[in-house]
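Structure at a glance
These are the residues of each chain, in order.
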Amino acid sequence: MSSSDIFTGETIGTAVLVLLGGGVCAAVTLKRSKAFQAGWVAVAFGWGFAVLTGAYIAQRSGAHLNPAVTVGLAIEGTTKWSDVPLYFGSQILGAMIGAVLMWITYYGLFKAHLTDPEVLAEHNGQEGMVDKSTAPKAGPVLGIFSTGPEVRNVVQNVATEIIATTVLVLAILTQGLTKGLGVSGTGVLMTALVVTSIGLSLGGPTGYAINPVRDLGPRIVHALLPLPNKGGSDWGYAWIPVVGPLLGGALAGGIYQLAFA
């Protein structure tokens, strides 16, 4: 696997992952969208299908698309540690590109949503519907780009991301124990189903980043884009969906070495 294979596969694959995953969040959030208020099940399946599409595109790079997966595979021994920085850089670049493409796709709807008096009044708590103490710096569309907790508790939020990411990465690492799964190509499908399951079962507390660049890349884009009335990017929370998944990926790699290697 060459450096160009890694860079091309991870950049394009992660861009598609974030484009489709962010796209389903935009679809259910933006008031003028045809899928407005479609709900959490749509989000969970949308992200699962996003992983499926991005991973099939990125097969030549190993389809990590996620620094937590890269760390887990490096500890397990499949990925060389010398390749880890290239994976990380390609993934964050791809995530930012995907977020920009999502914004372009929904440009008109973002503009309409962020200038809608009812949306702004609701977000500012003028109708008594928002407890601003739970999201003090989150703008009205930040959830389209990045994750955020329903209840802010650092220990719980970090633990949730560690647990969810450990499940994901361990499921990926153990695919090789099933004969023919990787060769048949159905390993990618299994991973997508695991992501969907995590979203439905473990995603409620924090929005399940389970991928540092999936959260950080779009959060940077949210901070930079010229969106009217977009509010803050909640940088005080931003370290949790980065550190939590990285710890989860490392934990999964360690569990694999102890239990299955």
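The residue numbering used here restarts from 1 in each chain and proceeds along that chain's sequence as written. In keeping with the predicted nature of the model, local features appear solely for residues at pLDDT of at least 70, side-chain atom pairs appear and are counted solely at 80 or more, and the whole-chain, interface and lining totals rest on all residues. Hydrogens and water are ignored here; the side-chain numbers use all heavy atoms of the structure.

1. A closer look at the pattern of salt bridges
A side-chain nitrogen of Lys or Arg and a carboxyl oxygen of Asp or Glu constitute a salt bridge if their distance falls within 4 Å. Within this structure, the stated rule accounts for 5 salt bridges. Of the charged contacts, one joins D5 and R60 as a salt bridge, the two residues approaching to 3.1 Å between their closest N and O atoms. In this pair, D5 sits in helix α1 (residues 3–29) while R60 sits in the loop between α2 (40–57) and α3 (67–76), placing the two residues 55 residues apart along the sequence. Each residue is placed in one exposure class: buried if its accessible area under a 1.4 Å probe, protein chains only, is under 20% of its type's maximum, exposed if it is over 50%, and partly exposed if it falls in between. Exposure remark for R60: the relative accessible area of 63% places this residue in the exposed category. A salt bridge links R152 to D234; its shortest N-O distance comes to 2.2 Å. On the criterion of sequence distance, the pair formed by R152 in the loop between α7 (142–145) and α8 (154–173) and D234 in the loop between α11 (212–224) and α12 (240–259) is long-range, its members being 82 residues apart. Looking at R152, the relative accessible area reads 32%, which means it is partly exposed. Connected through shared salt-bridge partners, K31, D116 and E118 make up one network. A run of DSSP states H or I qualifies as a helix once it reaches four residues; a run of E qualifies as a strand once it reaches two. Both are numbered from the N-terminal end.

2. With respect to the packing of α8 against α12
At a closest axis distance of 7 Å, the pairing of α8 and α12 adopts a crossing angle of 45 degrees. By the angle between their directions, the pair α8 and α12 is classed as oblique. By crossing handedness, the relation of α8 to α12 is classed as right-handed. Of the residues in α12, those in contact with V154, N157, V158, E161, I162, T165, T166, V169, L170 and L173 of α8 are I240, G244, P245, L247, G248, G249, L251, A252, G253, I255 and Y256. Only the contacting stretch of a helix is used when fitting its axis, a line to C-alpha atoms as for every element, and angles between N-to-C directions run 0 to 180 degrees. For classification purposes, angles smaller than 35 degrees are called roughly parallel, those larger than 145 roughly antiparallel, those between 65 and 115 roughly perpendicular, and all remaining angles oblique. With the far helix as reference, a near helix turned anticlockwise by less than a right angle produces a left-handed crossing, and one turned clockwise produces a right-handed crossing. What makes two residues a contact is simply this: any of their non-hydrogen atoms within 4.5 Å.

3. What to know about the packing of aromatic side chains
Any Phe, Tyr or Trp ring, taking Trp's six-membered ring, that has another such ring centre within 6.5 Å forms a pair; planes under 30 degrees apart are called stacked, those over 60 apart edge-to-face, and the others tilted. Under the criterion given, the structure shown has 5 aromatic pairs. Seen from their ring centres, F110 and F145 are 5.7 Å apart, and the 35 degrees between their planes marks the pair as tilted. Residue F110 is located in helix α5 (residues 107–114), and its partner F145 is located in helix α7; the two are separated by 35 residues in the primary sequence. Note on F145: relative accessible area 1%, which makes it buried. Seen from their ring centres, Y256 and F260 are 5.9 Å apart, and the 40 degrees between their planes marks the pair as tilted.

4. Quick word on α2
A helix's residues, less one, multiplied by 1.5 Å, set its expected span. Compared with the 26 Å implied by 1.5 Å per residue over 18 residues, the 26 Å span of α2 between its first and last C-alpha is a close match. Those residues of α2 that fall on the buried side of the exposure criterion are V43, A44, G46, W47, G48, A50, V51, L52, G54 and A55. Along its buried surface, α2 packs onto α1, α10 (186–202) and α11.

5. Focus on the confidence of the model for the protein
Mean pLDDT for the protein: 93, with 95% of residues reaching 70 or above. Per-residue confidence from the prediction method is given by pLDDT, with values spanning 0 to 100. Here residues 126–136 is a poorly scored stretch, pLDDT under 50, and it has 14 contacts once near neighbours within four places are set aside; other chains count.

6. Remarks on unusual backbone geometry
Positive phi values are uncommon outside glycine, yet A63 reaches one of about 55 degrees. Its location among the elements puts A63 in the loop between α2 and α3. In this model, I210 sits at a positive phi of 45 degrees, which is unusual for a non-glycine residue. With respect to the secondary-structure elements, I210 resides in the loop between α10 and α11.

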